[in-house]
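Chains, contacts and geometry: an overview
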Amino acid sequence: MTCQLNAWTGAYALDALDEQERAVFAEHLQTCASCDAEVRSLQSAAADLSLTAMAEPPAQLRGNVLSAISQVRPEPAPVTEPVKASAGNVVAFTPRRTNRMWPAVAAACAVVAVGASAWGLGQRHERSTTAATANRIYAVLTAADAQSVTGSFGTGHGTVINSKRLNKTILVANGIASPKPGHAYELWRVTPGGAAIPAGTFTPKNGQAITEVAGDTGSTSAISITIERAGGVAVPTTQAVLSVRL
Amino acid sequence: MTAAVAGFAVFRVDSRASRGAPTSSVPRPPQDRDEALDVVRVSGPSSVTPADTSEELGARLVGLLAASGNGDEQAFATLYDLTSARVYGLVLRIVRDAAQAAEVTQDIYVEVWKQSARYDRSRGAVLTWMMTIAHGRAVDRVRSSQASINRDHRYAELDVVRPFDEVSEQAIAGMEGRRVRHALTTLPVAQRQAVTLAYFGGHTHNEVAELLQIPLGTAKTRIRDGLIRMRLALGVPS
């Protein structure tokens, strides 16, 4: 069994994904041991390609580099990072995949394919519906007519990807703060008349979120995001943290 | 709606041969000419870089990077000496401008220094880690600086055989480089084009699809299949 996103590993390893796809796939790699292992081995093969392009740098570069690094300190090593796992599937990760591990890897991948936390979706979603959601997200990101707009979103930024053909819109956010406990980000579809229609809530994980804007965005003129109480409200009660015209 | 993210115009694509590596008596394995092969080809005997097997080098780099993480600038200087031709060479190949390549290379080393204590040995070799950072930075540069260039140029340049830049003329063609070039020749041309356009051209898979006039899904598949085949030919553990 393979992960449905493993077609992306090569393009990811060569930095050939678009920015929004890259964000989606980086998030995916956090929880898919199979894709993660493949990416790392492909990155190793890619790094070897650079052996065919070696060139001596200009002599003064060495001095410039050494004087630049003497101005900054290396960042401290991270506190031991726990192995990430989803939905109780703890995958002990080793750099080299063994056959013995394979079923566990496949299981972790299946969980990811089914969506849940990997896609940063609201907890209210049932797992069976998030499989369809993950597919819809994938469809929009890979749609031939997908267009994207990026705006600053608090401390980070948000990219809204829209496919007119599919009438679907996806939000990819990075570097954003988590709302206070009991609160969530709420998406709004803004109609040409200016009405705001609730389009789902989400909370970021590690500052990242990838979520679909609920409903048909065909007749939507803008997407807005506000901070509301968890579960969402019917009309926006705060200033938008991000507003993007489609 | 304006596209703020996708659609970078990156236009230089080349297919060329490099000549005149430094002479030595090391015999050269026969190289097939293949105009679609976007790598440095050596047509004369080449010098072999001294000493390091890649295992020895790899082990040394781990130690040097660990010392760097503790603030050892001397160790970092040695790390630079052992890796700078790799990093600079790749960056130059992608950004195609010596001044910009030097600038980007400096940024890369500052980043490597800053992240040195965070390198996780269990996740791959030091050089892989460094080259991954380097590739990302070089590609960022080429995409931001060429974003405004007319896309039409790219089609015209596909067939152009460009003379090799004078700096790359000196590209070191050691045993390892030869091994990689050979591995590349084992790829079907279609896969090799996709891989080299993405890796050395800094193209997104969308652009690879456009340049080769193939569907997006096909471009993605060719890139992945090509890399998997490379991995096999190079003996990288999967």
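Since we're looking at a predicted model, the values are computed, not measured.

This brings us to the overall build of chain A. From N to C terminus, chain A includes six helices and eight strands. Within chain A, contacts between residues separated by at least 24 positions form 57% of all contacts whose residues are at least 6 apart in sequence.

Listed by partner, the interface residues are 65 residues for chain A and 74 residues for chain B. At the boundary of chain A with chain B, total buried surface from both sides reaches about 6200 Å², with 62% on carbon and sulfur atoms. When the area that chain A buries against chain B is broken down by residue, the three leading residues are A:Leu49, A:Thr52 and A:Met54, summing to 11%. Where chain A packs against chain B, one counts five salt bridges. Residue B:Asp81 pairs with A:Arg62 through a salt bridge whose shortest N-O separation is 2.7 Å. Where chain A meets chain B, there are 23 residue pairs in polar contact (both at pLDDT 80 or more). Elements that contribute at least two residues to the side of chain A that touches chain B include exactly helix H1 (9-13), helix H2 (19-31), helix H3 (33-49), helix H4 (60-69), strand S1 (147-153) and strand S2 (156-163) of chain A. When residues of the side of chain A that touches chain B are assigned to their parent elements, the largest contribution, 12 residues, is made by H3(A). Each residue belonging to the side of chain A that touches chain B can be placed in one class, and the counts come to 33 nonpolar, 17 polar and 15 charged.

As a further point, take the packing of helix H1 (residues 54-69) of chain B against helix H2 (residues 73-95) of chain B. Residues and elements named next belong to chain B. At a closest axis distance of 8 Å, the pairing of H1 and H2 adopts a crossing angle of 145°. Crossing handedness for the pair H1 and H2: left-handed. Of the residues in H2, those touching H1 at Leu-57, Arg-60, Leu-61, Leu-64, Leu-65, Ala-67 and Ser-68 are Ala-75, Phe-76, Thr-78, Leu-79, Leu-82 and Thr-83. When its residues are assigned to classes, the contact of H1 with H2 shows nine nonpolar, three polar and one charged.

Bringing the sheet that holds S2(A) into the picture now. Residues and elements named next belong to chain A. Reading across from one edge, S1-S2-S3-S6 is the order of the four strands in this open sheet, with antiparallel pairing throughout. In the strand order of this sheet, the two ends are held by S1 and strand S6 (209-212), each with one partner. Direction aside, the axes of adjacent strands within the sheet are offset by 15° on average. By the bridge criterion, seven bridges tie S2 to strand S3 (residues 168-174) in an arrangement that is antiparallel. Paired with His-157 across the strands is Asn-174, a residue of S3. Across the sheet, H2 is in contact with S1, S2, S3 and S6; its angle to S3 comes to roughly 70°.

Procedures and definitions
- Per chain, residues are indexed from 1 in the order of the written sequence.
- Lettering of chains starts at A and numbering of ligands starts at 1, both following the order in which they are written.
- A pLDDT threshold of at least 70 governs which residues receive local features in this predicted model, and a stricter bar of 80 or more applies before side-chain atom pairs are shown or counted, although totals over entire chains, interfaces and linings include all residues.
- The basis for every side-chain value is the complete set of heavy atoms in the structure, and neither hydrogens nor water enter the calculation.
- Runs of H or I in DSSP of at least four residues are treated as helices and runs of E of at least two as strands, each being numbered from the N terminus.
- Contact definition: two residues touch when any of their heavy atoms are within 4.5 Å.
- Two parts placed together each lose some accessible area under a 1.4 Å probe, and adding up what both lose gives the buried area.
- We define a salt bridge as a side-chain nitrogen of Lys or Arg found within 4 Å of a carboxyl oxygen belonging to Asp or Glu.
- Polar contact is defined as a pair of N or O atoms within 3.5 Å, subject to the rule that within protein one atom must be able to donate a hydrogen and the other to accept it, and that residues adjacent in sequence are counted only when both atoms are side-chain atoms.
- Under the grouping applied here, Gly and all other residues not named as nonpolar or charged are polar, the nonpolar ones being Ala, Val, Leu, Ile, Met, Phe, Trp, Tyr, Cys and Pro and the charged ones Asp, Glu, Lys and Arg.
- To get an axis, a line is fitted to the C-alpha atoms, and for a helix only the part in contact is used. The angle between two axes follows their N-to-C directions and goes from 0 to 180 degrees.
- In this scheme, a crossing is called left-handed if the near helix is turned counterclockwise away from the far one by less than a right angle; it is called right-handed if the turn is clockwise.
- A pair of strands counts as paired when DSSP detects no fewer than two bridges linking them.

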